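One-letter residues, chain by chain:
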Amino acid sequence: MAFAPMGPEASFFKVLDQHRAFLLADLRRVGEETPRGGTRPASSTEVLAAIENIIQDIIASLARNEAPAFTIDNRSSWENIKFEDSVGLQMVSQCTTRKIKSDSPKSVQNFALILKILSMVYKLVQSNTYATKRDIYYTDIQLFGNQTVVDNIINDISCMLKVPRRSLHILSTSKGLIAGNLSYIEEDGTRVNCTGCSTAVAVPSNIQGLGNLITDAKFLLIVEKDATFQRLLDDNFCSKISPCIMVTGKGVPDLNTRLLVKKLWDLFHIPVFTLVDADPHGIEIMCIYKYGSLSMSFEAHNLTVPAIRWLGLLPSDIKRLNIPKNTLIPLTKRDQMKLDSILKRPYITCQPFWRKEMEVMADSKMKAEIQALTFISSDYLSKVYLPNKLKFGGWI
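Every chain begins its residue count from 1, and numbering advances along the sequence as written. Local features in a predicted model are, by the rule used here, given only for residues with pLDDT of at least 70; side-chain atom pairs are given and counted only at 80 or more, and totals for whole chains, interfaces and linings are based on all residues. The basis for every side-chain value is the complete set of non-hydrogen atoms in the structure, without hydrogens or water.

Caption draft 1: Spotlight on the overall build of the protein. Numbering goes from the N terminus for both helices and strands, where a helix is a DSSP run of H or I of at least four residues and a strand is a run of E of at least two. Broken down by element type, the protein carries 14 helices and 17 strands. Projected onto its principal axes, the C-alpha positions of the protein cover 70 × 50 × 45 Å. Between buried and exposed lies partly exposed: a residue is buried under 20% and exposed over 50% of the maximum accessible area for its type, with that area taken using a 1.4 Å probe on protein chains only. The burial tally for the protein puts 52% of its 396 residues in the buried class. Of the accessible surface of the protein, which amounts to about 18,300 Å², a share of 52% is contributed by carbon and sulfur atoms. Just so you know, the count uses Lys and Arg for positive and Asp and Glu for negative, and it drops His and the chain ends. The location of each charge is read from NZ of Lys, CZ of Arg, CG of Asp or CD of Glu. For the protein, the centre of its 47 positive side-chain charges and the centre of its 40 negative side-chain charges are spaced 3 Å apart. To be clear on the numbers: accessible area is Shrake-Rupley with a 1.4 Å probe, and residue cover counts the displayed protein chains and nothing else.

Caption draft 2: A look at the sheet that holds strand β9 (residues 191-193). Note on pairing: two strands pair once DSSP finds at least 2 bridges between them. Here three strands make up an open sheet; going across it, the order is β9-β8-β11 and the pairing antiparallel. Taken across any chain shown, the strands that pair with only one partner, and hence form the sheet edges, are β9 and β11 (211-214). The mean angle between the axes of side-by-side strands here comes to 10°, regardless of whether they run parallel or antiparallel. Bridge analysis of strand β8 (residues 183-185) against β9 gives three bridges, and the strand direction is antiparallel. Each bridged residue has a counterpart across the sheet, and for Ile185 the counterpart in β9 is Arg191. Helix axes are fitted only over the stretch in contact, all axes being lines through C-alpha atoms; the angle between N-to-C directions runs from 0 to 180 degrees.

Caption draft 3: Summary view of the packing of helix α2 (residues 44-63) against helix α3 (residues 108-127). Direction vectors running N to C along α2 and α3 enclose 145°, while the axes themselves pass 10 Å from each other. With respect to the hand of their crossing, α2 and α3 are arranged in left-handed fashion. Touching Ser44, Val47, Leu48, Ile51, Glu52, Ile54, Ile55 and Ile58 of α2 are Phe111, Leu115, Leu118, Val121, Tyr122, Val125 and Gln126, all from α3. Classification used: nonpolar for Ala, Val, Leu, Ile, Met, Phe, Trp, Tyr, Cys and Pro, charged for Asp, Glu, Lys and Arg, polar for all others including Gly. By residue class, the composition of the contact of α2 with α3 is 12 nonpolar, two polar and one charged. Handedness of a helix crossing follows the sense of rotation of the near helix relative to the far helix, less than a right angle counterclockwise being left-handed and clockwise being right-handed. In this analysis, two residues are considered to be in contact whenever any of their non-hydrogen atoms come within 4.5 Å of each other.

Caption draft 4: Spatial organisation of the packing of α3 against helix α6 (residues 147-161). Running from amino to carboxyl end, α3 crosses α6 at an angle of 70°, the nearest separation of the two axes being 10 Å. One way to sum up the angle between α3 and α6 is to call them roughly perpendicular. Residue-level inspection shows Asn110, Leu113, Ile114, Ile117 and Leu118 of α3 in contact with α6, the latter providing Val149, Val150, Ile153, Ile154, Ile157 and Met160. Reported orientations rely on four angle classes, namely roughly parallel under 35 degrees, roughly antiparallel over 145, roughly perpendicular from 65 to 115, and oblique for the rest.

Caption draft 5: Just the pattern of salt bridges, in detail. Salt bridge, as used here: a side-chain nitrogen of Lys or Arg that lies within 4 Å of a carboxyl oxygen of Asp or Glu. Evaluation of the coordinates by the stated rule reveals 20 salt bridges. Of the charged contacts in the structure, one is a salt bridge between Asp17 and Lys218, with a shortest N-O distance of 3.3 Å. With a gap of 201 residues between them, Asp17 in helix α1 (residues 14-33) and Lys218 in the loop between β11 and β12 (220-223) connect regions that are remote in the sequence. By relative accessible area, which is 34% here, Asp17 ends up partly exposed. Under the relative-accessibility criterion, Lys218 is labelled partly exposed at 27%.

Caption draft 6: Representation of the pairing of strand β14 (residues 272-275). Across the two faces of β14 the burial is the same, with Val272 and Thr274 and Phe273 and Leu275 all buried. In this sheet, β14 lies alongside β12 in parallel orientation, the contact comprising four bridges. When the bridges of β14 are listed, Val223 appears paired with Leu275. Pairing between β14 and strand β15 (residues 309-312): three bridges, direction parallel. From the neighbouring strand, Phe273 faces β15, where its bridge partner is Arg309. With helix α10 (residues 280-291) bridging β14 and its parallel neighbour β15, the resulting β-α-β unit is right-handed. Handedness rule for crossovers: strands pointing away from the viewer, path from the first strand over the helix to the second running clockwise, crossover right-handed.

Caption draft 7: Highlighting the sheet that holds strand β10 (residues 201-202). Taking strand neighbours across the sheet as the criterion, the six strands line up as β10-β7-β13-β12-β14-β15 in an open arrangement whose pairing is mixed. Two strands lie at the open edges of the sheet, namely β10 and β15, each paired on one side alone. In this fold α10 packs onto β12, β13 (245-248), β14 and β15, with an angle of close to 145° to the strand it touches most, β15.

Caption draft 8: Expanded view of the state of the cysteines. A pair of sulfur atoms, both from cysteines and within 2.5 Å, is called a disulfide here. Tallied over the full model, the rule gives zero disulfides. Free cysteine Cys95: the closest other cysteine sulfur is in Cys159, separated by 6.7 Å. Cys95 gets classed as buried once you look at its relative accessible area, which sits at 14%.

Caption draft 9: Layout of the side chain of Ser61. Turning to its location among the elements, Ser61 is positioned in helix α2. Ser61 gets classed as buried once you look at its relative accessible area, which sits at 11%. Apart from the residues lying within four places of it in its own chain, the contact partners of Ser61 are Glu66 and Pro68.

Caption draft 10: Seen up close, a nonpolar patch on the surface. To count toward a patch, a residue needs a relative accessible area above 30% and no salt bridge. Like charges then connect within 9 Å, nonpolar side chains (Val, Leu, Ile, Met, Phe, Trp, Tyr) within 5 Å. Together, Ile55, Ile59 and Leu115 make up an exposed nonpolar region whose accessible area comes to about 230 Å². Counting through the fold element by element, Ile59 comes out in helix α2.

Caption draft 11: Fine view of the environment of Leu220. Structurally, the position occupied by Leu220 is in strand β12. With 22 residues separating them in the primary sequence, Leu220 and Ser242 have C-alpha atoms 11 Å apart. Sequence-distant contacts of Leu220, that is, excluding residues within four places in its chain, are made with Ile245, Met246, Val247, Val261, Leu264, Ile270, Pro271, Val272 and Phe273.

Structural data, given as structure tokens:
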């Protein structure tokens, strides 16, 4: 099955096709040089055995008259992180750990919550059923207190068992959207066709269960904000620059949106670009898609797409396009701290053009939202800015 081309002539995609050829060559080189690692999907038997081993350790501790404790890798320390440009941020094999003790007033409640969720995971895996993080929270709202507590414990359990979170049979509620040249079959057999840009499709909650994915897309565009994504839909961007795919995580991406972007890259190896605000928050979001996050570094191989390129909005575009100062926003102290933090991260050393753009922002002490382009014209983003960037290779 192929999609009927509706967009520009083939010559429009010449530079994009050259970029894809470069990415494929680089992929082959990296594949030959670097063994692939990371957490792999675990079978139900493996997950059940891992949980049983933990419970046996607890029983053995009690038999010795010792207070049981969970030993969990410290996911919040940069000391436990190494960087590889072919993978991103990943947890080192021998990292510092923290103890969740059953006899400590500070951690006894957390110990109990981990034990409770472990028992729930065991039942889910054993019965081959699934639950969302929200479902787990609502089993006992008073006990858990808030959703963040549940989310953190699930990530800790995934890290402790050394299995991807989806192997725990716990799904996230998706907030992301997808549109453009893509069709697939969901786990229940439903055929979904994302072609046509009048509306978008919600990112599925079980990315692992997707099958028969089909696309002729020349590129995938990740859009930071929902408002910009909707504007591009209204302007029929996907039809005008067809074939392409657009995705938004509506800000900081949820796990499912990251898994979808990763799956599309692994299956089709099409160029992936980001469209984010020219501010530290937008750059941070782009880095999460490309290199991963500190808290999920233990699952980097399943989530990161280092081939991602920064398409816009570049800080240097602000001056190049003569965007008026009254449309710009001064950097706050928090912005400056975030920018300084990103500039110190290990992956910036292999991204000199990114560093240069961030230095432009730091020197100007100003940031800009994508909407600042509307001062030129309301459809400048979809009619001029993005087509020119894509046609002439205006990414870094």
